[in-house]
Structures are given as structure tokens and as C-alpha cells.
Amino acid sequence: GAGVSQSPSNKVTEKGKDVELRCDPISGHTALYWYRQSLGQGLEFLIYFQGNSAPDKSGLPSDRFSAERTGGSVSTLTIQRTQQEDSAVYLCASSLQFGRYSGYTFGSGTRLTVV
Amino acid sequence: AQTVTQSQPEMSVQEAETVTLSCTYDTSESNYYLFWYKQPPSRQMILVIRQEAYKQQNATENRFSVNFQKAAKSFSLKISDSQLGDTAMYFCAFMITQGGSEKLVFGKGTKLTVNP
């Protein structure tokens, strides 16, 4: 597609439920990133995928968070047993190989609200 | 610790005037990359300008320019001839590259309002 697509745009879930957030990167972009933006805060790195290499999961805040990228394209971020502190905007981005040279293209994010 | 500090939570400027947003950072790396991103209400982060730390020349993109002071670890953004469409949150960030991975470290942002 022309841009990075994220779905759903908004998600309200009950505490304790599992949620899946989807990211469809720009075609041909080998690098994919997930960031979290809590209210009034900057973005916090979660995970980085690059081609077929093992992902950098160092930013995942707990073992309730996991992500996968299938076929080097679409990525899914899964949060199990959601907590109220998980409420945030989850942003996905992609880049051609390395974002350091061209910056990232971000999607419009998924706003997650845990009630 | 790798940190980014934006000391101005909010700023306002009149249309057509010039405004400068401040950013300082802390890193022990010698080569890194610096970015300014704009986030309008649509939530999408839009790249405004990028600077490579080993380049002394300040980056410029149309009405946007930076003042990069490596020794002082300062990376301010100047917006000339401000337009109403410049109203947004602005985030300063630098990129860490480690072992084949890379990640952006962001400041908390500056909310810029351009007044007519």
C-alpha cells in the first residue's frame, strides 16, 4: 500500500482480555517497528523486526506482550490479560532496510483503552 | 542513560513568524542520527528533518532548519514563516544503532500552536 496501515484505529477492551493489533507496512520495507505512546509522553520503543533476522524484543514491557511478523510483511502485536496501564496509542512504522538513513514511515496508530 | 529532553512543553507563535524548539540529548555514542517528527491530531508521526551526527553542516528542509551543536548535545528546530498547518506536537529523537538493531529514543514533545 501507499502508507503504513494499522487496524483497528480504536479498541476498547475489558481488563483481563487479550487484544491483537495489526500493522501492514509499506510494500518492500524490510524493517518494521512498534512503539507505544502513553498519554502526554513521547514514544517508547517496543520491538524491531528486520528481514529474516531475530527481532529485537528488548522494549517489550512484560511477557504479556508479544509480536510476530509473518512472511516479512504484516505484523501483529498481542497483549494478553490487558491491564489499565496498557492503555495507550500503539504506533507501527516501517522503513527501507534501516531507518537511520531515511527515517521511518509511521501509521496512524491504534488507540487502546482498557476499562 | 540515553535520554532526550524537550524543555518547552508548549509554545505558540503568530503566523508568518519564526519559532525555535529546543532539544538536548545525552548519549555516549560518537555516531548517531537525530530527527524531528511532527504529530498532528491525526496521530501519524511525520518526519520533518534528519541530521547525521558526523556532519557538521546543519540540515535544512524548506522552512525547517536545525541548529546542531554536537559538543553541547543540542539539536534545536527552527521553523520560519510559520503556517497554521504547522500546529502539532513536535518530537525530537535520536537513533541508537546496536548490534544490527536500531531504535529511536524520543523526548516528551513540544505542543506548538500557530495563531492566525
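Whatever comes next refers back to the structure up there.
We now turn to the structure provided with this report. All values derive from a computational prediction rather than experimental measurement.

## So, the state of the cysteines
Residues and elements named next belong to chain B. Scanning all chains against the criterion turns up two disulfides over all chains. Shown here is the disulfide that connects C23 with C92, its sulfur atoms set 2.0 Å apart. The chirality of the disulfide connecting C23 with C92 is left-handed, given an S-S dihedral of about -70°. Taken together, the positions of C23 in the loop between β3 (19-21) and β4 (24-26) and C92 in strand β10 (residues 88-98) put the pair 69 residues apart, joining distant regions of the chain. Each member of the pair C23 and C92 is classed as buried.

## Thoughts on the nonpolar core
Counting residues in hydrophobic clusters, the biggest one holds 27 residues, and the most contacted among them are Y25(B), W36(B), F75(B), L77(B) and Y90(B). Breaking this core down by element, the ones donating at least two residues are β3, β5 (33-39), β6 (46-52), β8 (64-69), β9 (74-79), β10 and β12 (110-115) of chain B. Per-element accounting of this core gives the leading share, five residues, to β10(B). Counting 21 residues, the second-largest nonpolar core is a separate cluster that includes V89(A), F91(B), L104(B) and F106(B).

## Observations concerning the side chain of S65(B)
Among the structural elements, S65(B) can be located in strand β8. Once you skip the residues sitting within four places of it in the chain, S65(B) turns out to touch I49(B), A59(B), T60(B), S76(B), L77(B) and K78(B).

Cut-offs applied
Residues numbered from 1 in each chain as written. Chains lettered and ligands numbered in written order. Predicted model: local features only at pLDDT ≥ 70, side-chain atom pairs only at ≥ 80, totals over all residues. Heavy atoms only, no water. Disulfide = S-S within 2.5 Å. Helix = DSSP H or I, 4+ residues; strand = E, 2+ residues; numbered from the N terminus. Buried < 20%, exposed > 50% of the residue type's maximum accessible area, 1.4 Å probe, protein only. Core = buried A, V, L, I, M, F, W, Y, C linked by side-chain atoms within 4.5 Å. Contact = heavy atoms within 4.5 Å.

Limitation: the analysis is restricted to geometry and does not speak to function.
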